[in-house]
Structures are given as C-alpha cells and as structure tokens.
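Understanding the architecture of this molecule
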Amino acid sequence: MRIIDLIHSNEKTAFSFEILPPLKGTGIEKLYETIDTLREFDPKYINITTHRSEYVYKDLGNGLFQRNRLRRRPGTVAVAAAIQNRYNITVVPHLLCSGFTREETEYVLLDLQFLGITDLLVLRGDKAKHESVFTPEGDGYHHATELQEQINNFNKGIFVDGSEMKVTNTPFSYGVACYPEKHEEAPNIDTDIYWLKKKMEAGAEYAVTQLFYDNQKYFDFVERARKAGVTIPIIPGIKPFKKISQISMIPKTFKVDLPEELTCEAIKCKTDEEAKQVGIEWCVKQCKELMEHGVPSIHFYSIGAVDSIKEVAKLVY
C-alpha cells in the first residue's frame, strides 16, 4: 500500500519516523533497538536516510595527505530490505540527487524494485562539505524535479539512456520535502512554494516538512501553499528539543527559529536533562495542537531523540 493510501486509511493522525543507516562497520543491532522502542506506537512507515560519499584526508606524514572518498553510512537499500523483512512495516528509502549519477540512481531503483520496495522520498540533498555551492555528481541532477522525471520514466519502462525495459513491475510512488520557514537557498517563501507545486505536478503524492518548533509557521505555510494550488498532504516533521546547546545549534544547522516561549524555558535549564524535559513538554504541546487541526500524519526525526519521542508518543497517541 502506498504511503498516501496508508495515511488516508488511518482514522486518526498517523505516526512515522526517520532513521539513519548505521555507521560503516557498526552493525544493525542498535537500529533494531530504535525500531523496537518506537514500533509499539504503530508507525505506518519508516524513512531511511541516504548519505553521499565525502572526501576524507589521511595523514601520510611528512606534510603529505591522501584524499579518499568515503561513505560513512552505506547500505540504505539493504537496511530498508532488512527492516521490511523483519518487521513487515512499509519502508521509505530516501533517493538523492546529491552524490549520485543518473546511472547510479537507476541501479538503486532496480535494486529496490527487485526487493518490492516501491515507496520513496525524493530529495535534492545537501551539498558536500567541501563545496561552497551544491554541485551535481557527474551527470547527476541539480533539482529534485529532475530526479522525479527519471523516476517517472522508469515507471513507464524507460531507462535513463532511452532504451526500453522488457518487463515493468510495480511503479514507484514518492513524496518530497518542503520548508515552512523556506529552504535556505530560496530567495523567499513564495518561490519555495512555487517549486513545491512543481514537485506536486511532477508526481509527488505528499510532502514532509523540515523540522520546526513554531506550529503557526506550519499553519501559515500550509495556508499559503493551498492558495497557490498545492493540494497534496503536507506532513509536519517534528523533533523534540533535547540539549541546552541546541538553543544556538538548531537555528544555525536547520535554519529555523525557536519560539520565544520555548527559548525562555530552555535558557532556564541548568542541565541537559532539564532541557530534555522542556523539549518533551513542548513537543507534546506541538503534536496535540497539530492533531487538533487534523493533520493527516506526524513524522518524527528520531536521530538522537528516540527516548524523547517515546515519551511524547505515550502522551499523544
């Protein structure tokens, strides 16, 4: 069942969460522990992030360094298959422009289709750490809409080189990202919404937001998007505030604002444990208000916040 169907078939607000593949060489057991912790709240699907290769430098001595490419978190396809087989939960691997050529993307699509995994989250992805601006990998794409076009052609049985498949299988369906406080590279929110509409017109069935802490910004974004003709579900992405250091880190990293009420409570905290409790209380408040407004689903970014999300879920689901 497609993600959009899972969302619409749920009588109440659905629940989903996102995980990272394990670091290279660390095994999958801790990932299973995360899923075991959260699956009691009946997640409708689990997102699995994808990570591009980055350059790392090895000190060879004598002032010399060797530059190598390393993917610290490989295995998105394998992790998705392992989770689906172990838990019988729908999995949604991320598919990126960033760090992938068109041919590499095609091989990922083939592998996923062989495994019967046909739900995707389609993203441009972040620029590499060594880049000042986003740069495609080889003949890869600048924008998510271009990646959507390749997926759409694949669904029609057309390979990236224009040749035709002899056998076609279940087509892919997918969601995309959106930004209630706008993408950091967008000149303004209206331009950002314009491109969200383009993603919808290209085949996106739903959109998941960047994390946010001010519900009003989400509500305003949805209202503006609807007026602009965006009709697909816009799923709020949430992550509990957890550490004192996040007062400055979250705005810098994610380009989002922390509401004054949350900030005032956070700066009173003397320890991270106190900050964690503030974050849980704020997240519960966020979720309850979102649910009262009838959002179709809430998506949790679980990285580093699994225990907090469990506490939130206990109080709202």
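Here's what I pulled together on the structure shown here. (Residues numbered from 1 in each chain as written. Predicted model: local features only at pLDDT ≥ 70, side-chain atom pairs only at ≥ 80, totals over all residues. Heavy atoms only, no water.)

Moving on, we come to the overall build of the chain. Across its full length, the chain carries 11 helices and 10 strands. Against the 2.2 N^0.38 benchmark of 20 Å for 317 residues, the chain shows a C-alpha radius of gyration of 20 Å, consistent with a compact globule. C-alpha atoms of the chain, sized along the principal axes, occupy 60 × 60 × 45 Å. Within the chain, the fraction of its 317 residues that count as buried is 51%. (Helix = DSSP H or I, 4+ residues; strand = E, 2+ residues; numbered from the N terminus. Rg over C-alpha atoms; globule rule 2.2 N^0.38 Å. Buried < 20%, exposed > 50% of the residue type's maximum accessible area, 1.4 Å probe, protein only.)

A few words on the sheet that holds strand 6 (residues 119-123). Each strand in a sheet pairs with another by means of backbone hydrogen bonds, the pair being arranged parallel or else antiparallel. In spatial order, the strands read 1-2-5-6-7-8-9-10; together these eight strands close into a barrel with parallel pairing. If you compare each strand with its neighbour and ignore which way they point, the axes differ by 30° on average. Bridge analysis of strand 2 (residues 45-48) against strand 5 (residues 90-96) gives four bridges, and the strand direction is parallel. Across the sheet, the residue bridging to Ile48 is Pro93, located in strand 5. Sheet strands touched by helix 4 (residues 102-114): strand 5 and strand 6. Its angle to strand 5, the strand with the most contacts, is close to 170°. (Pairing = 2+ DSSP bridges. Axes fitted to C-alpha atoms, helices over the stretch in contact; angles between N-to-C directions. Contact = heavy atoms within 4.5 Å.)

Residues Leu31, Tyr32, Thr34, Ile35 and Leu38 constitute the buried set of helix 2 (residues 29-38). Seen along its axis, helix 2 keeps its buried residues to an arc of 155°; they face one direction. Away from its buried face, by an angle of more than 90 degrees, helix 2 presents the exposed residues Glu29, Lys30 and Glu33. Against strand 1 (14-19), strand 2, helix 3 (76-87) and helix 11 (306-316) lie the buried residues of helix 2. (Arc of directions from axis to C-beta.)

Per the counting criterion, the structure on display carries 17 salt bridges. Close ionic contact of Glu40 with Lys310 constitutes a salt bridge, the shortest N to O distance being 4.0 Å. With Glu40 in the loop between helix 2 and strand 2 and Lys310 in helix 11, this pair connects stretches of sequence that are 270 residues apart. Given the relative accessible area of 24%, Lys310 is considered partly exposed. With a shortest N-O distance of 3.6 Å, Glu311 and Lys314 are connected by a salt bridge. Here Glu311 and its partner Lys314 are both found in helix 11, three residues apart, which amounts to about one turn of the helix. Connected via shared salt-bridge partners are Arg2, Asp5 and Glu205. (Salt bridge = Lys/Arg side-chain N within 4 Å of Asp/Glu carboxyl O.)

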